[in-house]
Amino acid sequence: MSEFQQKCTLLARDCLAPDVVRLTFQAPKIAVTARPGQFVMVRVIDGLDPLLRRPFSIHRSSADGTISLLFKVIGKGTEILAQRCVGDQLDLVGPLGKGFDFSGEQPVCLIGGGMGIAPLLFLAEQLEQSGRETQKDHVLLGARNKDELAPLAEEFSALGYAVQLASDDGSVGHKGFIPDLLDFVLPSVEQVYTCGPHLMMENIVGQCQQAEVSCQVSLETHMACGMGACLGCTVHGKRGLVHVCKQGPVFNADVLAWGEI
Ligand SMILES: Cc1cc2nc3c(=O)[nH]c(=O)nc-3n(C[C@H](O)[C@H](O)[C@H](O)COP(=O)(O)OP(=O)(O)OC[C@H]3O[C@@H](n4cnc5c(N)ncnc54)[C@H](O)[C@@H]3O)c2cc1C
Ligand code: FES
């Protein structure tokens, strides 16, 4: 698989909600080869602090050679990244890792929690471009509140998906958690794709196993190198340790040892 290190010009910086930022870069080599579920390692600043690159899912990738990242400010790296200006050049490495397998024709359900929604918009766009009837597919999105969900929900709806929302505070959609909504959807789909908080995904995997619906999960672990060199991202699979950065971040849920991750 091809991966590139590129100095990429920041073309747009949009604040979707307090502390939630979308950055769009001119990144032609990465955009051409990126698949949904893959990620990039971003050097947020040219100086030494923070030294390590930060991993972000590819949120969008366009034929015009641009990619977008969607992230929440949670620490030093994301704080610096959120303050970068249009026209700045940032060093990106990618596309990295193994993305979603979405070759089937059967109805699917995309489930994103919090910033786990980021890679699912790229997947939703690719599914829609493959010519399938997205009206038969489902999208379940959960986050803290309406501010975080509304702009993203509109983008999935515009692609023709049936979108259901869950918010922690009840400001939009179901007040509670996404797994509460899934039981009603599972009988009509044959494949689930999910990314989000670990506990959410663990619950979803349990529900899918019970309903005998195949499930692919995208894991987020701490990553120092993103390329299989540092062992920092390992989790327990049923057949031993797996590297999330190389063998994932997308896995068939059945290969992971959920109780031990
Ligand atoms: C493959 C992959 C894709 C990702 N995609 C996205 C994305 O699309 N959007 C997004 O907002 N975030 C994403 N993340 C998480 C993102 O990398 C972290 O939010 C970011 O690195 C935090 O950097 P920081 O310097 O701001 O925070 P730090 O100062 O490094 O950490 C702040 C706090 O957050 C915790 N933390 C940091 N990274 C992680 C992590 N990966 N898992 C659990 N806790 C963590 C730290 O332990 C600490 O408590 C992804 C992570 C991975 C591995
Ligand atoms: S992040 Fe270094 S081996 Fe995966």
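Cut-off values and rules
Residues numbered from 1 in each chain as written. Chains lettered and ligands numbered in written order. Predicted model: local features only at pLDDT ≥ 70, side-chain atom pairs only at ≥ 80, totals over all residues. Heavy atoms only, no water. Helix = DSSP H or I, 4+ residues; strand = E, 2+ residues; numbered from the N terminus. Rg over C-alpha atoms; globule rule 2.2 N^0.38 Å. Buried < 20%, exposed > 50% of the residue type's maximum accessible area, 1.4 Å probe, protein only. Contact = heavy atoms within 4.5 Å. Areas by Shrake-Rupley, 256 points an atom, 1.4 Å probe, with all protein chains shown as cover. Lys, Arg positive; Asp, Glu negative; His and termini not counted. Charge placed at Lys NZ, Arg CZ, Asp CG, Glu CD. Near = heavy atom within 4 Å. Polar contact = N/O pair within 3.5 Å; in protein donor to acceptor, adjacent residues only side chain to side chain. Nonpolar A, V, L, I, M, F, W, Y, C, P; charged D, E, K, R; others polar. Expected span 1.5 Å × (residues − 1). Arc of directions from axis to C-beta.

**Looking at the overall build of the chain**
Then step 1. Along the chain, the regular secondary structure elements total 7 helices and 16 strands.
Then step 2. Over its C-alpha atoms the chain spans a radius of gyration of 17 Å, differing by no more than 12% from the 18 Å that the globule rule assigns to 261 residues.
Then step 3. Based on the C-alpha atoms only, the size of the chain along its principal axes is roughly 50 × 40 × 35 Å.
Then step 4. Residues classed as buried in the chain amount to 52% of the 261 residues present.
Then step 5. Sequence separation of at least 24 residues holds for 66% of the intrachain contacts in the chain that already meet a minimum separation of 6.
Then step 6. As displayed, the chain has an accessible area near 11800 Å², and 51% of this comes from carbon and sulfur atoms.
Then step 7. The centroid of the 21 positive side-chain charges in the chain is displaced by 7 Å from the centroid of its 29 negative side-chain charges.

**Considerations on the site of ligand 1**
Then step 1. Taken together, 19 residues surround ligand 1, and among them Arg54, Pro55, Leu70, Gly77 and Thr78 come closest.
Then step 2. Taking leucine 70, its main chain carries an N or O atom lying 2.8 Å from a nitrogen atom of ligand 1.
Then step 3. With respect to ligand 1, the side chain of threonine 78 contributes an N or O atom lying 2.5 Å from an oxygen atom.
Then step 4. Within the complex, the protein chains bury 73% of what would otherwise be the 890 Å² of accessible surface of ligand 1.
Then step 5. A total of 4 residues in the shell around ligand 1 trace back to one element, the largest contributor, which is strand β4 (residues 54-57).
Then step 6. Among the residues forming the shell around ligand 1, the class breakdown is 9 nonpolar, 6 polar and 4 charged.

**Brief notes about helix α6 (residues 198-211)**
Then step 1. Between its first and last C-alpha, α6 extends 20 Å over 14 residues, near the 20 Å set by a 1.5 Å rise per residue.
Then step 2. Listed as buried for α6 are Met200, Met201, Ile204, Val205, Gln207 and Cys208. Down the axis of α6, the buried side of the element spans an arc of 165 degrees, and every buried residue falls inside it. Turned more than 90 degrees off the buried face of α6, the exposed positions are Leu199 and Gln210.
Then step 3. Tucked inside the fold, the buried residues of α6 contact β8 (108-113), α5 (179-185), β12 (191-195) and β13 (214-218).
Then step 4. Two residues or fewer past α6, glutamate 212 is found with a positive phi of approximately 55 degrees.

**Notes on the side chain of threonine 134**
Then step 1. Note on placement: threonine 134 falls in the loop between α3 (118-129) and β9 (138-143).
Then step 2. Threonine 134 sits in the buried class, given a relative accessible area of 4%.
Then step 3. Not counting residues within four places of it along the chain, the set of residues in contact with threonine 134 comprises Glu128, Leu159, Gly160, Tyr161 and Ala162.

**Quick word on helix α4 (residues 146-158)**
Then step 1. The end-to-end C-alpha distance of α4, which contains 13 residues, comes to 18 Å, matching closely the 18 Å that a straight helix rising 1.5 Å per residue would cover.
Then step 2. Turning to α4, its buried residues are Glu148, Leu149, Leu152, Ala153, Glu155 and Phe156.
Then step 3. Two or three places before aspartate 147, at the opening of α4, asparagine 145 has a side-chain oxygen 3.2 Å from that residue's backbone nitrogen.
Then step 4. Where α4 terminates, the next one or two residues include glycine 160, which has phi positive at roughly 100 degrees.

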